[in-house]
Amino acid sequence: GMEPDEVEERLETLERVHAFVKLVEEKEFPDHTLTPRYRFVHVLYQNALYGSLRTTRRTEISASVAQALLGFYGEQRGKVASELATLFETARDFAKSAECFGLAAKNAAQIFANAEAIALARRGLKVLKMMAPGPDRDGQEIALQMTLAPTLAAVKFWAAPEVGEAHRRARDLCQQQAGNPQFFQTLIGLFTHHVVRSELKTAQEIAKHTLHLAQDAKVLVPVLAHLAH
């Protein structure tokens, strides 16, 4: 809530007199706001200061910082999704935290940072456990599981049990939400998992089920007919 020039003066004093922080660069946010960027001279200072905050104060500050970043980044919030996820988690806003973890995981997967994508998706799933059951929560879990499954497949191969578990969980949740567009994706992923494991009977059953669903939805999917046979 302080004026930017007052904040900058205090930071300059902390740098010049106390050598507590250091100016790193001048930065421009996506909304074209200019700001100096500082860092702590040593991570121990940061940890000690953070540890000195009471839980309520830490929660309040984290929520304020998250909202400020949202204001600066706007539609480009994906660039700081992992930071937002952690801040919202500390602020006890689990719905927004899980959403940001999902976005961060998807961003990591897109650049083939699979280990990071797996870690972020799992953190998002852990946060979801703090939320009450409901369609919104289930929708977020589906998205997280569908990011987790292919990244696990890339790291551990499609036959890994974890890949099947992620697809099955996403499929079960999709079945509870009529018309979920990710339902076919979960079934095809599960089909691939069983084919690679040479569990051909199960794979054929999934392919037939997927074909029937596609026909009921009047979707033209000749490849599914081929797989079912």
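Novice: For this particular structure, what's the right way to read helix α5 (residues 94-110)?
Specialist: Count 3.6 residues to each turn of an α-helix, and residues three or four apart come out pointing the same way. Helix length check: α5 (17 residues) gives 24 Å between terminal C-alpha atoms against 24 Å at 1.5 Å per residue, within 8%. Among the residues making up α5, those that are buried are Phe94, Ser97, Ala98, Cys100, Phe101, Gly102, Ala104, Ala105 and Ala108. Looking one or two places after α5, you find phenylalanine 112, whose phi comes out positive at around 60 degrees.

Novice: When you look at the side chain of histidine 167 in this model, what are you seeing that I'm missing?
Specialist: With respect to the helices and strands, histidine 167 occurs in helix α8 (residues 161-175). Contacts of histidine 167, omitting those with residues within four sequence positions, involve Met146, Ala149, Trp158, Thr186, Gly189 and Leu190.

Novice: Can you walk me through the packing of helix α3 (residues 55-73) against helix α4 (residues 81-90) in this structure?
Specialist: Each pair of packed helices can be described by the angle between their axes along with the distance between the axes. Relative orientation of the contacting elements α3 and α4 amounts to 145 degrees, with a least axis distance of 8 Å. Crossing handedness for the pair α3 and α4: left-handed. Residues Arg58, Thr59, Ser62, Val65, Ala66, Gln67, Leu69 and Leu70 of α3 form the contact with α4, whose participating residues are Leu84, Leu87, Phe88 and Thr90. Across the contact of α3 with α4, the residue classes tally to 7 nonpolar, 4 polar and 1 charged.

Novice: When you look at the packing of aromatic side chains in this model, what are you seeing that I'm missing?
Specialist: Between two aromatic rings, the relevant description is the distance of the centres plus the angle of the planes. Counted under the stated rule, the structure contains 4 aromatic pairs. Ring geometry for phenylalanine 20 versus tyrosine 45: centroids 5.1 Å apart, planes at 20 degrees, classification stacked. In this pair, phenylalanine 20 is assigned in the loop between α1 (4-16) and β1 (21-28) and tyrosine 45 in helix α2 (residues 43-52), connecting sequence segments 25 residues apart. Judged by relative accessible area, phenylalanine 20 falls into the partly exposed class, the value being 24%. Considering the side-chain rings of phenylalanine 29 and phenylalanine 72, the 4.2 Å spacing of their centres and the 10 degrees angle between planes classify their relative orientation as stacked. Taken together, the residues phenylalanine 29 in the loop between β1 and β2 (34-40) and phenylalanine 72 in helix α3 connect sequence positions 43 residues apart. Ring pairing ties together the aromatic residues Phe20, Phe40 and Tyr45, which thus form one cluster. Above the face of the tyrosine 50 ring, arginine 58 is positioned so that its terminal group lies 4.6 Å from the ring centre.

Novice: For this particular structure, what's the right way to read the packing of α4 against α5?
Specialist: In the contact formed by α4 and α5, the axes pass within 8 Å of each other and the chain directions differ by 160 degrees. Accordingly, the angle class assigned to the pair α4 and α5 is roughly antiparallel. Like other packed secondary-structure pairs, α4 and α5 cross with a definite hand, here left-handed. Of α5, the residues touching α4 (which contributes Ala81, Ser82, Leu84, Ala85, Thr86, Phe88 and Glu89) are Phe94, Lys96, Ser97, Cys100, Phe101, Leu103, Ala104 and Asn107.

Novice: What am I meant to see in the nonpolar core here?
Specialist: One broad trend across soluble globular proteins is that nonpolar side chains are buried collectively. Counting residues in each nonpolar core, the largest one holds 32 residues, and the members touching the most others are Leu84, Leu120, Leu128 and Leu148. If you list the elements that add at least two residues to this core, you get α3, α4, α5, α6 (114-128) and α7 (135-156). If we skip the residues at most four places from it in the chain, leucine 84 touches Ala66, Leu69, Leu70, Arg77 and Cys100. Ranked by size, the runner-up nonpolar core spans 12 residues in total, among them Met146, Leu173, Leu190 and Ala203.

The rules behind these values
What you see as residue numbers is a count from 1 along each chain, following the sequence as written. For a predicted model such as this one, the threshold for reporting local features is a pLDDT of at least 70, and the threshold for listing and counting side-chain atom pairs is 80 or more; totals across whole chains, interfaces and linings nevertheless cover every residue. Calculated side-chain values reflect all of the structure's heavy atoms, with hydrogen atoms and water omitted. Strands here mean DSSP runs of E at least two residues long; helices mean DSSP runs of H or I at least four residues long; both are numbered from the N terminus. By this rule, a helix spans an expected 1.5 Å times one less than how many residues it contains. A simple rule labels every residue: compare its accessible area, found with a 1.4 Å probe on the protein chains alone, to the largest value its type can have, and call it buried under 20%, exposed over 50%, or partly exposed in between. Residue contacts follow a heavy-atom distance rule, with two residues in contact if any of their heavy atoms lie within 4.5 Å. With axes taken as lines fitted to C-alpha atoms, and helix axes fitted only over the stretch in contact, angles between N-to-C directions fall between 0 and 180 degrees. Should the near helix be turned anticlockwise from the far one by less than a right angle, the crossing is termed left-handed; should it be turned clockwise, right-handed. Charged means Asp, Glu, Lys or Arg here, nonpolar means Ala, Val, Leu, Ile, Met, Phe, Trp, Tyr, Cys or Pro, and polar covers whatever is left, Gly included. Only the six-membered ring of Trp is used, alongside the rings of Phe and Tyr, when aromatic pairs are assigned; centres must lie within 6.5 Å, and planes under 30 degrees apart are stacked while those over 60 apart are edge-to-face, with the rest tilted. Each ring is checked for a lysine NZ or an arginine CZ that lies within 6 Å of its centre and within 35 degrees of its normal; such an atom marks a charge sitting over the ring. Each angle receives one of four descriptions, namely roughly parallel if under 35 degrees, roughly antiparallel if over 145, roughly perpendicular if within 65 to 115, and oblique otherwise. As used here, the term nonpolar core means buried Ala, Val, Leu, Ile, Met, Phe, Trp, Tyr and Cys residues forming a set that is joined through side-chain atoms within 4.5 Å.

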